Amino acid sequence: MGLNLNDDPFIESLRLDGEFLVRSQLVGKASKKSKDGVFSLGVRAKSRTSGPPRDSYGLLDSPIRKHTPSFPRLSHAQNVTPHECGFITISSAIFQRVLVGRGVDFRILKETNSSSPSVPAQYSACAVAAHSIISLSEPIGTNLLSIWFIVYGLYMSAQRGRGILVDQSTGGTIDWDWWKHASFYHVYVKSFRDSNNDGIGDIRGVIEKIDHFPDSGIDAIFLSPIFQSPKIDQGYDVSDFMDVDPEFGTMDDLKELITQSHERNLKILLDFVPNHTSDQHQWFVDSVKGVDEYRDFYIWVDAKYDGSGNRQPPNNWLSVFHHSAWSWNETRQQYYLHQFHPTQPDLNFRNPKVVEAMNKVLLFWLDQGIDGFRVDAIPYIFESENLYDEPPSYWPGVPDYEFESLDHVHTKDQPETYELMHQWRQLLDSYSEKNRGHARILMSEAYTTIENTMRYFGTRDGTKLGAHFTFNFFLVGDATAGASAHDIVVSINKWLDNIPPIYTSSWVLSNHDNHRISTRCGPGNIDGFNMLKAILPGIDVTYYGEEIGQENGEILYEENQDLKVKNRGMFEKLCRDFERTPFQWDDSVNAGFNDGAKPWLPVSSKYLETNLKKQKGDGPSHYKVFRELTRIRSNVVLVRGSTVVKSVSEHTILVRRSHDGSSVVLVFNKGDSQVVLNVSEDVSKTNYVEIKSVQSPKEIGYAVDPHHLKMEPHEALIIFCSI
């Protein structure tokens, strides 16, 4: 018997252009590693064109671990990569147990030709193919099926829509699409782990806890700034872009972290801060002195004078940290622009030498093995050359010295900023083509309108590419305790309706500049919100501590470290330290952050109840839910499926992802009251609960009644359905 590849959604995700030649044979000998035998397979393919793809999924250049929902524990293939070996072996008993449990028939493929999208980034060739190709004429415990896929030409070239590009001269591959369905983790280094007990988190602390990331199903980490800095703004005031600040460690420490990360198939990215430097950077020091090379590295403007001869700034532009964006320098007898703090002068990117210098910074870190960059504060890179005053925003109740009092039409999101992003994308793509392995990526941070946010991806038709993805911060602002389900659904659909289909979405709930989701929406809702961002299409971004439901810490005004806070009255409203307190590892001194020295910010008093060690123990926990979510993200329905997001009660959100007769559905009641729902339009009768929030009374593996689904307060369910 046979099955055409076009009929199977799992094999559909594996298909590549070219000829599929399949030969199979029964092998009457069991594996040395397993009594019940193994399956073996190898893959190669042919394609038409070359060049970096813009909108595709690709084979994951990574060890097969817990990335497939069908095979959660592939113990016999822990360290095998699809393109590095001729055979991948998986226990047939595991296949039988898991697939039969999912209602999958055992079948054999016949020879076929096909043309289709390429492999989803999180699917190993082994796990995807085996789901649909298993067929035995004898009991599965006694015979082995050895199936070879020989799809020639994979190591020739790659076409648009393909994740793997192969260099004919070297045989090296490029995985362009590893990031497209990845789980990213934001490490705020200063608060993660203090290895030398000086109160400051450091790079060696990240190394000590490196296994936490693969254990949690994380694919990539990005670090808060670790460059040399006086740290007036916690490292976002850089004094040397090409060295590590001694507070965080050494270059050797960072190189070891890079090595350790890559050994675990973990990508590592840095926080790139291009808009400004510290006023202690040598560039600024030389610019103040008028050194020719650096005279125009920053934005210097002559003063204006009023009728009484009083010196005035060039215009009314305001700093993000409030008050004038211009500061007077006595030495140069000019004003310099700082869109942030006066100690953070803006670079002049209209000067080609500045662009060249920052390109060298990017290339320097790429040469060290860094896999990409978060581009900080990208909307502020360029300003209008005409220096016109900005119009008022007319926001009610906003003082005229606050940033929000103006409509920033001349100081944000300028056309030249998008062009610079295009140039940086070309720089990284060229580097990736030359150095092989995988795409080095750019992630842009842009708090701006939905229309302007989309422009950081590139042009709508993809003829010019910008950031690989730009952070979606809309839920950070819209997901609050007072928000209804409808409010959150509108926020999500606004993004989905605006993003061009060739680009990849990302989902963020918290970060170092905004209160934690557990604090904004209540700790009882953390599982539901983690489920929400995990099953929406694209990239899942976790801020450190979200995996355990960590809440904002408790900070006194006297302990404030945030330069944005200028007085006691601004503390509660503006202070960002609350969301930056140390990670809560265990119930030991200082939550395991260090060995007892006073941390730079106080550890939350809640660490005795909320810590990773406790959540790894017996019983349900937020962390266990989180790990299950990263496990199922490789499900083909979540990688390729259509998306419906809607509210089904005042406080209940429903998300349905569907693909080829299967669905994954989230039902999340964020409210304080029980609700009874009819979700039969989205949940079929053939269903079972795959994941549940910690307080849910439902049973994993059992079906729910879609016509009468009772949801307890703050309960959330991931339900697998089939027609």
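See the structure printed just above.
This report concerns the structure included in the present document. (Residues numbered from 1 in each chain as written. Predicted model: local features only at pLDDT ≥ 70, side-chain atom pairs only at ≥ 80, totals over all residues. Heavy atoms only, no water.)

Remarks on the overall build of the chain
Then step 1. The helix and strand tally for the chain stands at 19 helices and 30 strands.
Then step 2. Here the chain, with 723 residues, has 63% of them falling under the buried criterion.
Then step 3. Taking as baseline every contact in the chain between residues at least 6 positions apart, the subset at least 24 positions apart corresponds to 71%. (Helix = DSSP H or I, 4+ residues; strand = E, 2+ residues; numbered from the N terminus. Buried < 20%, exposed > 50% of the residue type's maximum accessible area, 1.4 Å probe, protein only. Contact = heavy atoms within 4.5 Å.)

Quick notes on the pairing of strand β30 (residues 716–722)
Each regular strand carries side chains that alternate between the two faces of the sheet.
Then step 1. Summarising burial for β30: six of the seven residues are buried, a large majority.
Then step 2. One ladder, built from seven bridges, connects strand β26 (residues 662–669) with β30; its direction is antiparallel. Paired with F668 across the two strands is A716, which belongs to β30.
Then step 3. Bridging between strand β28 (residues 687–692) and β30 involves five bridges; their strand directions are antiparallel. Paired with N687 across the strands is C721, a residue of β30. (Pairing = 2+ DSSP bridges.)

With respect to the nonpolar core
Then step 1. F213, I221, F349, M358, W365, F373 and W424 are the most contacted members of the largest nonpolar core, which totals 81 residues.
Then step 2. A total of eight residues in this core trace back to one element, the largest contributor, which is helix α9 (residues 352–367).
Then step 3. Apart from residues no more than four positions distant in its own chain, W365 is found in contact with F227, F241, M242, D243, V244, M251, L254, L270, I370 and F373.
Then step 4. Within the second largest apolar cluster, 63 residues are counted, among which are I174, I539, I632 and A716. (Core = buried A, V, L, I, M, F, W, Y, C linked by side-chain atoms within 4.5 Å.)

Digging into the pattern of salt bridges
A side chain with one charge can pair with a side chain of the opposite charge if their charged atoms come near.
Then step 1. Under the counting rule described, the total for this entry stands at 30 salt bridges.
Then step 2. E356 is paired through a salt bridge with K360; the nearest N and O atoms lie 3.7 Å apart. With E356 and K360 both in helix α9 and four residues apart, the pair spans about one turn of that helix.
Then step 3. With relative accessibility at 45%, the residue E356 sits in the partly exposed group.
Then step 4. Judged by relative accessible area, K360 falls into the partly exposed class, the value being 48%.
Then step 5. The closest approach of N and O atoms between R631 and E628, which form a salt bridge, is 2.7 Å. Here the residue R631 and the residue E628 both occupy positions in helix α18 (residues 622–632), the gap between them amounting to three residues, near one helical turn.
Then step 6. The buried category is assigned to R631, whose relative accessible area is 9%. (Salt bridge = Lys/Arg side-chain N within 4 Å of Asp/Glu carboxyl O.)

Some remarks on the packing of α9 against helix α10 (residues 415–435)
Then step 1. Orientation of α9 relative to α10, taken along the N-to-C sense of each, is 35°, at an axis distance of 11 Å. Remark: the crossing between α9 and α10 carries right-handed chirality. When α9 is examined against α10, the residues V355, M358, N359, L362, L363, L366 and D367 are found in contact with a partner set consisting of L420, Q423, W424, L427, L428 and Y431.
Then step 2. Here the residues of the contact of α9 with α10 sort into ten nonpolar, two polar and one charged. (Axes fitted to C-alpha atoms, helices over the stretch in contact; angles between N-to-C directions. Left-handed = near helix turned anticlockwise from the far one by under 90°. Nonpolar A, V, L, I, M, F, W, Y, C, P; charged D, E, K, R; others polar.)

Quick look at the sheet that holds strand β24 (residues 642–649)
Then step 1. Sheet architecture is open: five strands sit in the order β24-β25-β26-β30-β28, paired in antiparallel fashion. Pairing within the sheet leaves two strands with one partner each, and these edge strands are β24 and β28. Each neighbouring strand pair of the sheet contributes to a mean axis angle of 20°, computed without reference to strand direction.
Then step 2. Of the strand pairs in this sheet, β24 and strand β25 (residues 652–659) are connected by seven bridges, and their pairing is antiparallel. Across the sheet, residue S642 finds its bridge partner in β25, namely S658.

Examining the packing of aromatic side chains
Centre distance and the angle of the planes are the two values used to describe a pair of aromatic rings.
Then step 1. Counting across every chain of the model gives 43 aromatic pairs.
Then step 2. Taking the centre distance of 4.8 Å and the plane angle of 70° together, the rings of Y294 and F297 count as edge-to-face.
Then step 3. By relative accessible area, Y294 is classed as partly exposed at 21%.
Then step 4. Residue classification places F297 among the buried positions, given a relative accessible area of 2%.
Then step 5. An aromatic cluster is built from W178, W179, F184, F222, Y447, F469, F471 and F473, whose rings are joined through pairwise contacts.
Then step 6. The cationic tip of K190 hangs over the ring face of W600; the distance from NZ or CZ to the ring centre is 4.4 Å.
Then step 7. One residue, R311, lies across the ring of W328, its end atom 4.1 Å from the ring centre. (Phe/Tyr/Trp six-rings, centres within 6.5 Å; stacked < 30°, edge-to-face > 60°. Lys NZ or Arg CZ within 6 Å of the ring centre and 35° of its normal.)

Some thoughts on helix α8 (residues 282–289)
Then step 1. Those residues of α8 not exposed but buried are W283, F284, D286, S287 and V288.
Then step 2. Buried-residue contacts for α8 involve β11 (240–244), β13 (300–301), β16 (326–329), β17 (334–337) and α9.
Then step 3. Directly beyond the C-terminal end of α8, a positive phi value near 85° is found at G290.

Focus on the side chain of S224
Then step 1. You can see S224 is positioned in the loop between β9 (220–223) and β10 (227–228).
Then step 2. Excluding its chain neighbours within four sequence positions, the residues that come into contact with S224 are V187, Y188, V189 and D271.

A closer look at the environment of T504
Then step 1. Considering the arrangement of structural elements, one finds T504 in the loop between α13 (485–498) and β22 (506–507).
Then step 2. Separated by 47 residues in the primary sequence, T504 and F457 have C-alpha atoms spaced 8.8 Å apart.
Then step 3. If sequence neighbours within four positions are ignored, T504 has contacts with W179, K180, F457, F469, I499, G538 and I539.

As for the sheet that holds β17
Then step 1. Strand order in the open sheet made by the three strands is β13-β17-β16, with antiparallel pairing throughout. Each of the sheet's edge strands pairs with one partner strand only, and the pair in question is β13 and β16.

Structural notes on the packing of helix α15 (residues 526–535) against α18
Then step 1. Put simply, α15 and α18 touch, their axes get as near as 10 Å, and they point 10° apart. By the angle between their axes, α15 is roughly parallel relative to α18. Read as a crossing pair, α15 and α18 show a hand that is right-handed. Seen from α15, the contacting residues are I526, D527, N530, M531, K533 and A534; seen from α18, they are H622, V625, F626 and L629. (Parallel < 35°, antiparallel > 145°, perpendicular 65-115°, else oblique.)

Focus on the layout of surface pockets
Then step 1. Each pocket or cavity is described by its volume, and for the largest pocket that value is around 1,500 Å³.
Then step 2. As for the largest pocket, its lining consists of 46 residues, and the residues nearest its centre are V320, E404, Y447, N514 and K564.
Then step 3. Sorting the residues of the lining of the largest pocket by element identifies α11 (450–455), α12 (474–478) and α16 (568–574) as the ones contributing at least two each.
Then step 4. For the lining of the largest pocket, the class distribution of residues is 18 nonpolar, 13 polar and 15 charged. (1 Å grid on protein atoms, 1.4 Å probe; cavity = no way out; pocket = protein on both sides within 12 Å on 5 of 7 lines; lining within 4 Å. Points joined across faces, edges and corners; volume = space filled by probe spheres on them.)

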